[in-house]
Amino acid sequence: GKERTAPLVYIEEGEGWVIAASAAGADKHPAWFLNLRDAPRVTVQIGAEVFQADCIIHAEGDRRDELYAQLSEKGPFFTGYQEKTSRVIPIIELRRVD
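Residues numbered from 1 in each chain as written. Predicted model: local features only at pLDDT ≥ 70, side-chain atom pairs only at ≥ 80, totals over all residues. Heavy atoms only, no water.

## Quick notes on the sheet that holds strand 4 (residues 49–58)
- What the 5 strands build is an open sheet, ordered 1-2-5-4-3; its pairing is antiparallel. The open sheet has two free edges, formed respectively by strand 1 (11–13) and strand 3 (41–46), since each of these has just one partner strand. Across the sheet, the axes of successive neighbouring strands diverge by a mean angle of 40 degrees, strand direction being ignored.
- Where strand 3 lies against strand 4, 6 bridges are found, and the strand directions are antiparallel. When the bridges of strand 4 are listed, Gln45 appears paired with Val50.
- Here helix 1 (residues 31–38) sits on the sheet and contacts strand 2 (16–20), strand 3, strand 4 and strand 5 (91–96); the angle it forms with strand 4, its principal contact strand, is near 85 degrees. (Pairing = 2+ DSSP bridges. Helix = DSSP H or I, 4+ residues; strand = E, 2+ residues; numbered from the N terminus. Axes fitted to C-alpha atoms, helices over the stretch in contact; angles between N-to-C directions. Contact = heavy atoms within 4.5 Å.)

This is the structure we're talking about:
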């Protein structure tokens, strides 16, 4: 039930944002991902703007692959992260809640 802060790399996608639960290619999901999987409403801060968002988790499939490719294009290190682990790195879409 404690609030945590996790600075993450993101890309803009449509009217939302995309992040990856990469843990730099570790074999376990990052703790923050397990928290948002259980409680998918999060507080997001981008610059000085703070707002609530819902998380849509893509753990497999075409949409996950498409978003991971977009992340890798913007940050090539993401490609290496997936190659370091046998787990499929989940991709999360953040959608602002008005």
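## Quick word on the side chain of Arg87
- Topologically, Arg87 is positioned in the loop between helix 3 (77–84) and strand 5.
- Looking at Arg87, its side chain comes within polar contact range of the main-chain oxygen of Ala26, at 2.8 Å.
- The residues contacting Arg87, other than those within four sequence positions of it, are Ala21, Ser22, Ala23, Ala26, Asp27, Lys28, His29, Pro30 and Gln82. (Polar contact = N/O pair within 3.5 Å; in protein donor to acceptor, adjacent residues only side chain to side chain.)

## Remarks on unusual backbone geometry
- Even without being a glycine, Ala23 presents a positive backbone phi close to 50 degrees.
- Structurally, Ala23 is set in the loop between strand 2 and helix 1.
- Residue classification places Ala23 among the partly exposed residues on the basis of a relative accessible area of 32%.
- Of note, Ala24 is a non-glycine position whose phi angle comes to about 55 degrees, a positive value.
- Tracing the backbone shows Ala24 in the loop between strand 2 and helix 1. (Buried < 20%, exposed > 50% of the residue type's maximum accessible area, 1.4 Å probe, protein only.)

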